[in-house]
Amino acid sequence: MSKKTLPGVTRRQILSFTAASAVLGAAKAANAVTLKGTPVWSPFDASPPPHIETDGWVFFTEAEAAAMEAIVDRLVPADELSVGGKDAGCAVFIDRQLAGFYGTASRLYMQGPFQDGTPEQGDQSSLVPQQRYRLGLAALDKYTRSQHQKLFKDLPGEQQDHILSGLESGKITLEGIDSKMFFAIALKNTMEGFFADPIYGGNRNMVSWKMLGFPGARYDYRDYIGKHNQKLDLEPLSISGGDAWKIKS
């Protein structure tokens, strides 16, 4: 007699059901439909990004924005391969992110207790990203005024690099916020802004994607599957689409 796994159901019956399901799944896959022409959906139909109706700063003050643009330009310096972080829109990306749910940490658990833990336990601070930037940028300019009689944005590039290295290592302390924490979030968000889809404000003109040869948010690569070890020179495509996505009247 077959051993029962559920009341009224044997192991042999379960195996039969599983096999039948696999056959049905394969049959459905074989009858899959290939869609051609203009997509019948638009980018972000289900989850649109925040719509910003201004070209100005949304979260940063003018002073904060100037300091932030100086920081991102040292973290991503311009060279023969690409523009710097400022011209790539990294500060704009950070500004837009701070104005949304990322800035307020509204999708994270932010209840106490808050206390120092081990590095393996990750970030234990009660400060949300908006607070980290507001406190950090103010403390940075206060530090440079006291030490160099200038705002951070007005210092020579080499001096800015020295200060940023001091923040990263913790050798420079800031008032009201851990310097290593402030540097870490600024570096992380700058990298995100440099490489993210341009729809979020950074990676202006897809400069980083062009530098890397990344084709972007293309949804169909079937024409290129067999082209091994070939330089395709595909123009990067943003999530927002391109001319090929638009319905021509």
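See the structure shown above.
The rules behind the values
- Residue numbering note: each chain is counted from 1, following its sequence as written.
- Side-chain atom pairs in this predicted model are given and counted only at pLDDT of 80 or more, local residue features only at pLDDT of at least 70, and totals for whole chains, interfaces and linings cover all residues.
- Neither water nor hydrogens contribute to the side-chain values; these are computed over all heavy atoms in the structure.
- Centres within 6.5 Å are what make two rings of Phe, Tyr or Trp a pair, Trp counting through its six-membered ring; a difference in plane orientation under 30 degrees is then read as stacked, over 60 as edge-to-face, and the rest as tilted.
- Numbered from the N terminus, helices here are DSSP runs of H or I no shorter than four residues, and strands are runs of E no shorter than two.
- With a 1.4 Å probe rolled over the protein chains alone, any residue whose accessible area is under 20% of its type maximum counts as buried; one over 50% counts as exposed, and the rest are partly exposed.
- Look at NZ for Lys and CZ for Arg. If either is within 6 Å of the ring centre and within 35 degrees of the ring normal, a charge sits over the ring.
- Think of a salt bridge as a Lys or Arg side-chain nitrogen and an Asp or Glu carboxyl oxygen that are within 4 Å of each other.
- Every axis in this analysis is a line fitted to C-alpha atoms, fitted for helices over the stretch in contact. Angles between the N-to-C directions lie between 0 and 180 degrees.
- When an angle is under 35 degrees it counts as roughly parallel; over 145 it counts as roughly antiparallel; between 65 and 115 it counts as roughly perpendicular; any other value is oblique.
- By definition in these notes, contact holds between two residues if any of their heavy atoms fall within 4.5 Å.
- Charged means Asp, Glu, Lys or Arg here, nonpolar means Ala, Val, Leu, Ile, Met, Phe, Trp, Tyr, Cys or Pro, and polar covers whatever is left, Gly included.

A. Spotlight on the packing of aromatic side chains. Under the definition given, this model contains six aromatic pairs. Their ring planes at 65 degrees and their centres at 6.1 Å tell us that Phe60 and Tyr133 sit as a pair that is edge-to-face. In this pair, Phe60 is assigned in the loop between helix H1 (11-30) and helix H2 (62-75) and Tyr133 in helix H5 (residues 129-148), connecting sequence segments 73 residues apart. Each member of the pair, Phe60 as well as Tyr133, carries the same accessibility label: buried. Looking at Arg134, its charged tip hangs above the ring of Phe59, at a distance of 4.1 Å from the centre.

B. Layout of unusual backbone geometry. One non-glycine residue, Ala105, lies in positive phi territory at about 55 degrees. Structurally, Ala105 is set in the loop between helix H4 (101-104) and H5. Of note, Asp233 is a non-glycine position whose phi angle comes to about 50 degrees, a positive value. Inspection of the secondary structure puts Asp233 in the segment after helix H8 (207-212). For Asp233, a relative accessible area of 61% gives the class exposed.

C. The arrangement of the pattern of salt bridges in detail. Within the structure shown, the criterion is met by 11 salt bridges. Taking the shortest distance from any N to any O, the salt bridge between Arg134 and Glu64 comes out at 2.7 Å. Of this pair, Arg134 sits in helix H5 while Glu64 sits in helix H2, placing them 70 residues apart in sequence. By relative accessible area, Arg134 is classed as partly exposed at 34%. Arg74 is paired through a salt bridge with Asp161; the nearest N and O atoms lie 2.8 Å apart. Remark: Asp161 occurs in helix H6 (residues 157-169) and Arg74 occurs in helix H2; sequence separation between them is 87 residues. Relative accessible area serves as the criterion here: at 29%, Arg74 is assigned to the partly exposed category.

D. Region of the structure containing the packing of helix H3 (residues 90-98) against helix H7 (residues 179-195). Packing of H3 against H7 brings their axes to within 8 Å, and their N-to-C directions diverge by 110 degrees. With respect to each other, H3 and H7 are oriented roughly perpendicular. In this structure, H3 contributes Cys90, Phe93 and Ile94 to the contact, and H7 contributes Asn189, Thr190, Glu192, Gly193 and Phe194. The residue inventory of the contact of H3 with H7, partitioned by class, reads four nonpolar, three polar and one charged.

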